[in-house]
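One-letter residues, chain by chain:
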Amino acid sequence: MTPDRPKGDAAARALAGIRVVDLTVWFQGPVAAQLLADFGAEVIKVERPQGGDPGRGVRSIRALPVGDWNQYFLVINRNKKSVALDLKKPGGRAIMDRLVERSDVFLSNLGAESLAAWDLGYERLCRLNPRLVYATTTGYGPFGNVDKPSFDMTVQALTGLMARLGEPGEPPIYLGMGSGDACGGLLAALGILLALHHRRRTGRGQRVDASLYGAQLFLAAPWLQGYLATGSDRYSKQRSRKTPERPLRNTFPTRDGWLFLCMGEDDESWSRVCGAVGDVDLEKEALFQGAEQRRRHAQQLVERLDAILARRTASEWMERFEPYGVLASPIRTLADLARDPQAWANEYLLETWCEEVRRWVAIRGFPVGLGATPGRVDSLGPELGEQTELVLLETLGYSWDEIGAFKEERAIP
Amino acid sequence: VGDVSDAAPGGFARALGDLLVLDLTTEFCSGVATGFLADFGALVVRVEELPAARERRARARDADPEAGWDFLGELAHRNKRSLAVDLEAAPGAEILRGLLRRADALVTDWPRARLEERGLAYRDLSGARPDLVYARASGFGPKGPDRDLPALDELAAARTGMMPILPQPGAPPVYAAAGPMYTAALLAFGVLAALHHRAETGTGQEVDASLLAGNMYGASLDLQAYLAMGGERFLRPLARLDAGNPMSGVLYRASDGRWVCLTMPETDRWWPGLAGLAGLDPADPRFDSHEKRCGASRLELIRVLEDVFRRRPASEWKAELDARRLSADVVEEFAFPAEDPQARRNRYVLALDHPSRGPIKTLGFPIFLSEAAARLRSPAPALGQHSAQLLHELLGFPEARIAELAASGVIESA
């Protein structure tokens, strides 16, 4: 007898009860808090009253105008509350302190000088609240003496990953807008959960950091670990698809686009590929007998397959591959992904209501699934300071009189 | 094994010292996910299935015949224990059931059909263990028409839509192999979120991550921009010299063929410094506003900078850029982080004396915790290195019983 699956409470949130002060801007820091908020943490984004997070001001991407809703800010900051606070005013600092006292996590990606200027360093905040998890996302790590600007692509340039990719002689390749920030933010969120687990056992918080540099070295691991182990150019230099190490796991142009062929090096895989492309001579050819020969003559093999695969379209090849168990995929575009049923079925993409334009919009969904406590998008990013009064009143327990005094001081708008 | 690279900062506590995790995985990606848990002190038992594990390890060792050792496995499986067991044999299946009674979390990447056949699907286990966290990595997620496609990152990357737009126009699509790393961190995040929920409520649940989700997560900003804005410019590569902002996200070639990378998105802030570096007048009327630099004079500024950077070698540019505190750097190869004191100081790269390999370098720990830092406590285990110890400590098997299981080939004990 198979026991029934335990019924999840539809309203249950995995991280309910965790309160996060989110003092971050742009992407790497905010996305860490977004991951926590998607699973039920209460995230209070603290922003300067003038303009707030500069991510609110993004006007163009890839030299195209962002259009009628600022998806850049609104999606990264979904499920959050916004409190506008002037940290240069004593009242702003007092509010921040009370927020820190009543929160579980403080998260920031501001520079160490800014944090010091506002007296928001680790030592003081952890005295204020010994249970606080104090998390930062830095550029180059919490130790050492590298202190320079750290935008995503410049840090990626240092890791060696960009120099490794692309055809020999081509310019280095950047993995895409915010590719390293996404990794750093995710690792910061993971670090915060590690520290919260430890706190449950000890009653004490601690400092957490995930840097852009560390995250991007980690991203490069599939090649970088090989380089560290061997020191070999095979891992660090650009390598042409025409002379691959594994010729049957390679990209190939078809009549109408590229295919990624994903087969092993064994004879069985080879036989299937030859059968699927319908070339009996190829399978018998002496140059390509055995995995070792195929590797040695990879260049000739790729030339032969290039010539053959160019004869039909990618979808024709996919049909022919299927009965032979040949694994491959057409190399798709973002437009294909946007209508990929697999992405929608798993909520990697979803639709949500956008109040700003009063229509349903497509957004990236949840990159990890929790069966009983699934991620949820209750709201897109807040307006600047949208919950300032609410948080001061309900979360921090200030009276209307006190709130009025803060306004007079211009600590809050 | 000694972590001899630096005096390791951070406290010695184990953040996850109270957890027992069963690692029933075969792929690098899911191995790295449980590796995070092991690095932070969970007892991670890598259940290696006999006899297949012997061949799998041999293949991994020979993946780079010149290296002759499994350096990716070393990264994924450090700090874990190995239990080698024949799960087809009745006593082997009983051992797994015993471990499942004790485990806080199970992490697997086995195909669904295989898990069901072995009675290891979530619904098979959750009745007896409603508090179990059950995590599975797959290629394409637990739902949808392609949920049973194999977990190959190349297939997932091909589906994600970034491969065609990474290179220069006309060049072949680019495979970056970063998908498994995003996915590994996502799976570990999901496990810890579920453990948090369990600590609050006593209830476990299923967790899933996939290579498709991981690749999509890495492409977040381009993907979301395309979803909202559309446009051909997201579907084909942009030429290097067609950058939207000549000062940000652009590569220029130095006289020695190396590349300089500029990231100065708010050009007003950086222009005086960059103009000085380039020998231009900051008040040059062609370039004296952000609107001109990124608008009417955009292509002209790109041409000017292209010409300027070709005049001197990259090392000289780097010195100049650093001196002027500009947001830019020279594109480096892996030799740079391998030797970089900053990477060592933060333990992103470790140099250590490996018990069987001697002095080696390996990737370290991308997350820092001040009171419970990740540690290299032991290298990746040999096949079955801890079989006897684990059966004794976790299941209370007497020595004679362990010897009998080893003699009959149900377990391998190194």
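Residues numbered from 1 in each chain as written. Chains lettered and ligands numbered in written order. Predicted model: local features only at pLDDT ≥ 70, side-chain atom pairs only at ≥ 80, totals over all residues. Heavy atoms only, no water.

Engineer: Please clarify how the overall build of chain A should be interpreted in this entry.
Structural biologist: The number of helices and strands found in chain A is 20 helices and 14 strands. Seen along its three principal axes, the alpha-carbon backbone of chain A occupies a region of about 90 × 55 × 50 Å. Counting over 413 residues, chain A shows a buried share of 59%. Sequence-distant contacts in chain A: of pairs separated by 6 or more residues, those separated by 24 or more amount to 69%. Carbon and sulfur atoms make up 49% of the accessible area of chain A, which amounts to about 16,100 Å² in all. If the 52 positive side-chain charges of chain A are averaged to one point and the 53 negative ones to another, these points end up 2 Å apart. (Helix = DSSP H or I, 4+ residues; strand = E, 2+ residues; numbered from the N terminus. Buried < 20%, exposed > 50% of the residue type's maximum accessible area, 1.4 Å probe, protein only. Contact = heavy atoms within 4.5 Å. Areas by Shrake-Rupley, 256 points an atom, 1.4 Å probe, with all protein chains shown as cover. Lys, Arg positive; Asp, Glu negative; His and termini not counted. Charge placed at Lys NZ, Arg CZ, Asp CG, Glu CD.)

Engineer: Any chance you could explain the confidence of the model for chain A here in plain terms?
Structural biologist: Caution applies to low-pLDDT parts of the model: their predicted coordinates are not meant to be read in detail. Mean pLDDT over chain A stands at 95; residues scoring 70 or higher make up 98%. Taken as a whole, residues 1-8 of chain A scores under 50 in pLDDT and shows nine contacts with residues more than four places along the chain or in a different chain. (pLDDT = per-residue confidence, 0-100.)

Engineer: What should I look at first to understand the pairing of strand β13 (residues 359-364) of chain A in this one?
Structural biologist: Within a regular beta strand, the side chains point alternately toward one face of the sheet and then the other, so they alternate between its two faces. All names here are of chain A. Sheet topology places strand β12 (residues 349-354) next to β13; six bridges connect them, and they run antiparallel. For E351, the partnering residue across the bridge sits in β13 and is A362. Between the end of β12 and the start of β13, which pair antiparallel, lie four residues, with R358 showing a positive phi angle near 50°. (Pairing = 2+ DSSP bridges.)

Engineer: Got a minute to help me understand the sheet that holds strand β12 (residues 368-369) of chain B in this structure?
Structural biologist: Strand pairing within a sheet occurs via backbone hydrogen bonds; the two strands may be parallel or antiparallel. On the basis of which strands lie adjacent, the open sheet formed by seven strands has the order β5(A)-β2(A)-β1(A)-β6(A)-β7(A)-β8(A)-β12(B) and mixed pairing. Both edges of this open sheet fall to β5 (80-84) of chain A together with β12 of chain B, since each of them pairs with a single strand only.

Engineer: In this structure, what is going on with the pairing of strand β1 (residues 19-23) of chain A? I would like to understand it.
Structural biologist: Residue and element names in this part refer to chain A. For β1, the tally of buried residues reaches five of five residues, placing the bulk of the element in the interior. Neither face of β1 is left uncovered, since the one carrying R19, V21 and L23 and the one carrying V20 and D22 both have all their residues buried. The sheet contact formed by β1 and strand β2 (residues 42-47) spans four bridges and is parallel. Within β2, the position partnered with D22 by the bridge is K45. Between the parallel pair β1 and β2, the chain is carried across by helix α1 (residues 28-38), and the sense of this crossover is right-handed. Sheet topology places β1 next to strand β6 (residues 105-108); four bridges connect them, and they run parallel. Across the sheet, the residue bridging to V21 is F106, located in β6. (Right-handed = clockwise from strand over helix to strand, strands pointing away.)

Engineer: Help me understand the packing of helix α1 (residues 28-39) of chain B against helix α8 (residues 179-201) of chain B, please; the structure alone is not making it clear to me.
Structural biologist: Helix packing for two helices is described by the angle between their axes and how far apart those axes are. Residues and elements named next belong to chain B. Where α1 meets α8, the axes come as close as 8 Å, and the angle between the chain directions of the two elements is 45°. Considering their axes alone, α1 and α8 lie oblique with respect to each other. Considering the relative orientation of α1 and α8, their crossing is right-handed. For the pair α1 and α8, contact is made by F28, C29, V32, A33, F36 and L37 and by P180, M181, T183, A184, A185, L187, A188, V191 and L192, respectively. Of the residues belonging to the contact of α1 with α8, the class tally is 14 nonpolar, one polar and no charged. (Axes fitted to C-alpha atoms, helices over the stretch in contact; angles between N-to-C directions. Parallel < 35°, antiparallel > 145°, perpendicular 65-115°, else oblique. Left-handed = near helix turned anticlockwise from the far one by under 90°. Nonpolar A, V, L, I, M, F, W, Y, C, P; charged D, E, K, R; others polar.)

Engineer: When you look at the sheet that holds strand β9 (residues 328-330) of chain B in this model, what are you seeing that I'm missing?
Structural biologist: Residue and element names in this part refer to chain B. Pairing in this open sheet of three strands is antiparallel, and the strands run β7-β8-β9 from one edge to the other. Across the chains shown, the open sheet's two edge strands, defined by having one partner strand only, are β7 (248-253) and β9. Each adjacent strand pair in this sheet contributes to an overall mean axis angle of 20°, direction not counted. Of the strand pairs in this sheet, strand β8 (residues 259-263) and β9 are connected by three bridges, and their pairing is antiparallel. Bridge pairing in β9 places L262 opposite A328. Relative to β9, helix α14 (residues 314-323) is tilted by about 155°, and along the sheet it contacts β8 and β9.

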